[in-house]
Amino acid sequence: ERAGNTQIPEPGGHPRDQNFACMDGMPGQQNNDENNVAPVNPQPDKPMKDTERKVEQAAEEEKVALKKPGKWEPEVIDGKSIRIFDDNHFKDVREKYGVRDDFLSNFKFSDLGEAGGKGGSPLAFLPGGIIVKELSQGDHESLLEMTDSLCKRILEKRSFLVRFYLHFCDITSGRYYAAMNNVFHAEGIKEKIVWKYLFDLKGSRDDKLITEDGKRIHEVHRRWYLCYNCWYCCDCCCSDTCCYDCIPEERTRYYAGKRFAFNGKLHLTSKQRDEFSDTLKRDVDYLRERQVMDYSLLVGVQAFDSMEDAKRAGVTLNDFACNITDSKSGKKMVYVYYMGIVDFFQKWNFAKTIANVLKSCCAPHPLSTVRPEKYAQQFETHLLNKFTSNARELSDQSIGHIETKLEIKGENTPVVCSIRGSVSKDTSLRAAKPLNPPISSPPVTTDEPNDSQQAS
């Protein structure tokens with residue numbers, strides 16, 4: 001209108017009369033050059049509506065994808081819609097270990113409770129030895145990356161890696177969870193089962209004793225922000241002086257447990273020690289390839305006065321059950337070990353680099369905050385040195401030693417000894433070894449009979 005040559009088209013007029021362009025800063029000026037015509041959209045908010053429609057459509061598609069559970073049923077856990085990740089792999093693990101697909105049908109998200117300890121994630125302990133754990137974003141991404149190879153490793157002959165049965169997301173809250181086996185799950189009468197020891201072992205000064213003789217050891221850390229306490233340095237430099245009274249009893253017990261966890265020895269039979277070594281090396285090689293660190297070997301030890309006591313408690317003796325002599329009481333006991341590697345999702349990142357620099361100056365060595373290659377090396381070396389081969393096999397196991405009475409040729413005095421396999425007709429045997437000799441500290445290496453010997 002300001003140009004004075006704007007034509008208002010009549011209804012049904014030529015479309016060309018409805019085309020306007022902005023030329024030389026003159027808005028609204030009519031352009032008669034067909035090559036330079038810039039049509040004006042008669043519906044200026046239509047592109048915005050199309051964009052919004054596409055966004056809403058993409059959101060609906062994502063929502064439908066999140067709700068899709070794949071082959072796993074049911075689609076809802078505790079009344080909440082979930083998304084399940086890579087269940088084709090975890091289903092194979094469940095089938096091998098006899099876990100039903102609906103094993104979480106009675107799970108409630110309200111069952112999740114704080115796990116305790118540094119950086120503990122909420123946990124729920126379910127019947128049948130199942131744990132449901134909330135995962136951080138980083139752990140979730142690591143598990144997604146590792147699922148295929150992890151399940152293949154778990155399905156091999158033997159592995160200490162904790163078994164994962166399900167990986168899922170609560171769509172409403174956006175939180176991630178994983179269901180796995182409980183390393184310390186033991187079938188039997190709970191009241192009659194006493195955990196002699198529970199260890200959390202990293203192969204560093206972060207090793208700790210969790211439980212001793214059925215009593216949990218409370219963690220009393222010596223953090224930098226607690227430097228105002230008079231006992232801050234006492235437990236490591238002058239615990240035998242007059243400052244000893246300043247140290248809280250719980251701190252004394254916790255610190256003693258840490259030293260025992262790092263320096264103490266655990267005993268297996270020679271055969272069990274070989275099996276432990278082979279399995280640990282395969283697992284550590286796998287974790288080294290995945291470039292993760294800060295994982296732990298959880299070790300639980302049940303102690304019974306005899307195999308009859310273990311059977312009365314309903315405990316099934318596993319492949320790591322053996323006879324040892326307790327170093328404190330001197331009593332011959334049956335030890336049953338439970339072991340599993342957990343928390344193997346931590347990647348090396350910038351924050352770990354900073355922590356490594358700070359801890360290298362003031363924290364006791366060896367450290368846990370080291371690069372994955374070094375962590376794997378010290379983890380494997382430390383644990384192989386911790387487990388000795390000084391225990392004795394259970395007397396009434398088919399794979400172990402059995403007690404019998406033999407008459408040595410030329411003598412009429414029966415003796416009790418250990419034999420392996422069948423007894424040779426030639427009774428000219430070597431001198432018998434006593435059953436289950438005490439394990440002294442430091443351990444004394446015992447020689448096992450070789451293949452050419454029928455008995456010793």
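Residues numbered from 1 in each chain as written. Predicted model: local features only at pLDDT ≥ 70, side-chain atom pairs only at ≥ 80, totals over all residues. Heavy atoms only, no water.

Participant: Any chance you could explain the overall build of the chain here in plain terms?
Facilitator: Across its full length, the chain holds 9 helices and 18 strands. Across the 456 residues in the chain, those meeting the buried criterion constitute 39%. Of the contacts made within the chain by residues no fewer than 6 positions apart, 65% connect residues no fewer than 24 positions apart. Surface exposure of the chain reaches about 26,500 Å², of which carbon and sulfur atoms provide 50%. (Helix = DSSP H or I, 4+ residues; strand = E, 2+ residues; numbered from the N terminus. Buried < 20%, exposed > 50% of the residue type's maximum accessible area, 1.4 Å probe, protein only. Contact = heavy atoms within 4.5 Å. Areas by Shrake-Rupley, 256 points an atom, 1.4 Å probe, with all protein chains shown as cover.)

Participant: Is there a simple way to explain the confidence of the model for the chain in this structure?
Facilitator: Note that predicted coordinates carrying low pLDDT should not be read in detail. Averaged over all residues, the pLDDT of the chain equals 75, while 64% of them reach at least 70. Contacts for the low-pLDDT stretch residues 397–456, under 50 throughout, to residues beyond four places or in other chains number 90 contacts. (pLDDT = per-residue confidence, 0-100.)

Participant: Got a minute to help me understand the pairing of strand E12 (residues 296–304) in this structure?
Facilitator: Sheet faces and side chains relate simply in a regular strand, where the side chains alternate between the two faces. Of all 9 residues in E12, 9 are buried; the element is thus mostly enclosed. Here E12 shows a buried face lined by Ser-296, Leu-298, Gly-300, Gln-302 and Phe-304 and a second buried face lined by Leu-297, Val-299, Val-301 and Ala-303. Bridging between strand E7 (residues 195–201) and E12 involves 6 bridges; their strand directions are antiparallel. Bridging from a neighbouring strand, Leu-201 pairs with Leu-297 of E12. Bridge count for E12 against strand E14 (residues 332–342) is 9 bridges, and the pairing is antiparallel. (Pairing = 2+ DSSP bridges.)

Participant: What's the story with the sheet that holds strand E2 (residues 80–84) in this structure? I'm lost.
Facilitator: On the basis of which strands lie adjacent, the open sheet formed by 6 strands has the order E1-E2-E5-E6-E4-E3 and antiparallel pairing. Each edge of the open sheet is held by one strand with a lone partner, namely strand E1 (76–77) and strand E3 (123–126). Bridge count for E1 against E2 is 2 bridges, and the pairing is antiparallel. Of the residues in E2, the one forming a bridge with Val-76 is Ser-81.

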